[in-house]
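Below, each chain spelled out in residue letters.
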Amino acid sequence: MQKVIRTLLVSLGLAAASLSAHAQKVDEPSLKVFDVWAKTTVPGGSVSAAYMHIKSGKPLKLVKAESSIAQTVEIHDMKMNAGVMQMKAIDAVEIPANKLVDLKPGGMHIMLIKVNKPINKGDQVPLTLTFETADKKTFTRQVMAKGQEKDSGSHKH
Ligand SMILES: [Cu+2]
């Protein structure tokens, strides 16, 4: 019996090793995710939004976002609709090659819904972003969003 268990553990270990090697290969090294920040929550509030700049040398799509501090995370866009600013969930953010994509207040953002703790100024909010390559392979990037009341204003485009 012990031998069976050990064999099982060894094969599980091998499977895990080959999976992580595979993930490494798919990651796009030219992808940069920077100036990541999350809006501080209002007292008693449970929603926030994260913003960032994304640039890649190859076309990608941001297809999913997750956070250990929020129950639900959605990719949202804001559009004027009959004079009213409306927010809606979108499936993906297109990242064209060599073009800076801006997730910013009033535009596309990562919506954090039902956060399980308040986000204060200077907090580090973990985000896991899933990207899809042109040939439909996916990989994840971990980033930290810094708690801020509003855009620092150092990056105007
Ligand atoms: Cu939103």
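Look up a bit, the structure's there.
Presented here is an overview of the structure given in this document. (Residues numbered from 1 in each chain as written. Predicted model: local features only at pLDDT ≥ 70, side-chain atom pairs only at ≥ 80, totals over all residues. Heavy atoms only, no water.)

**Here's the deal with the overall build of the protein chain**
(1) Moving on: A count of helices and strands for the protein chain gives one helix and ten strands.
(2) Moving on: Taken from N to C terminus, the helices and strands of the protein chain fall in the order α-β-β-β-β-β-β-β-β-β-β.
(3) Moving on: The buried share of the protein chain, reckoned over its 157 residues, is 34%. (Helix = DSSP H or I, 4+ residues; strand = E, 2+ residues; numbered from the N terminus. Buried < 20%, exposed > 50% of the residue type's maximum accessible area, 1.4 Å probe, protein only.)

**Structural notes on the packing of aromatic side chains**
(1) Moving on: With the rule as written, the count across this model stands at two aromatic pairs.
(2) Moving on: Between tryptophan 37 and tyrosine 51, the aromatic rings sit 4.7 Å apart at their centres with planes inclined by 35 degrees, giving tilted as the arrangement. Taken together, the positions of tryptophan 37 in strand S1 (residues 32–39) and tyrosine 51 in strand S2 (residues 47–55) put the pair 14 residues apart, joining distant regions of the chain. (Phe/Tyr/Trp six-rings, centres within 6.5 Å; stacked < 30°, edge-to-face > 60°.)

**Remarks on the pattern of salt bridges**
(1) Moving on: Per the counting criterion, the structure on display carries five salt bridges.
(2) Moving on: Across the salt bridge formed by aspartate 27 and arginine 141, the nearest N and O atoms sit 2.9 Å from each other. Within this pair, whereas aspartate 27 is found in the loop between helix H1 (2–26) and S1, its partner arginine 141 is found in strand S10 (residues 138–148), the two being separated by 114 residues in sequence.
(3) Moving on: Under the relative-accessibility criterion, aspartate 27 is labelled partly exposed at 23%.
(4) Moving on: With a relative accessible area of 19%, arginine 141 lands in the buried category. (Salt bridge = Lys/Arg side-chain N within 4 Å of Asp/Glu carboxyl O.)

**Quick notes on the side chain of serine 56**
(1) Moving on: Checked against the element boundaries, serine 56 lands in the loop between S2 and strand S3 (60–66).
(2) Moving on: The exposure class assigned to serine 56 is buried, which follows from its relative accessible area of 1%.
(3) Moving on: Looking at serine 56, its side chain comes within polar contact range of the main-chain oxygen of lysine 58, at 2.5 Å. (Polar contact = N/O pair within 3.5 Å; in protein donor to acceptor, adjacent residues only side chain to side chain.)

**A short note on the environment of glycine 106**
(1) Moving on: As for its position among the elements, glycine 106 is in the loop between strand S7 (101–103) and strand S8 (109–115).
(2) Moving on: Glycine 106 gets classed as partly exposed once you look at its relative accessible area, which sits at 40%.
(3) Moving on: With 26 residues separating them along the chain, glycine 106 and methionine 80 place their C-alpha atoms 9.9 Å apart.
(4) Moving on: Not counting the four nearest positions on each side in its chain, glycine 106 is found in contact with Met78 and Met85. (Contact = heavy atoms within 4.5 Å.)

**Describing the pairing of S10**
(1) Moving on: As paired strands, S1 and S10 are joined by three bridges and run parallel to one another. From the neighbouring strand, alanine 38 faces S10, where its bridge partner is glycine 147.
(2) Moving on: Hairpin connection, strand S9 (residues 124–133) to S10: the antiparallel pair is bridged by four residues, and lysine 136 has positive phi, about 65 degrees. (Pairing = 2+ DSSP bridges.)

**Comments concerning the environment of serine 56**
(1) Moving on: Spatially, the C-alpha atom of serine 56 lies 8.3 Å from that of proline 29, the residues being 27 residues apart in sequence.
(2) Moving on: When near neighbours in sequence (up to four residues on either side) are disregarded, serine 56 contacts Glu28, Ser30, Leu31, Ile95, Pro96, Ala97, Asn98 and Lys99.

**Comments concerning unusual backbone geometry**
(1) Moving on: Of note in the backbone geometry, aspartate 35 takes a positive phi value of approximately 50 degrees without being a glycine.
(2) Moving on: Within the secondary structure layout, aspartate 35 lies in strand S1.
(3) Moving on: A positive phi angle is found at lysine 136, which is not glycine, with a value near 65 degrees.
(4) Moving on: Locating lysine 136 in the fold gives a position in the loop between S9 and S10.
(5) Moving on: For lysine 136, a relative accessible area of 59% puts it in the exposed group.

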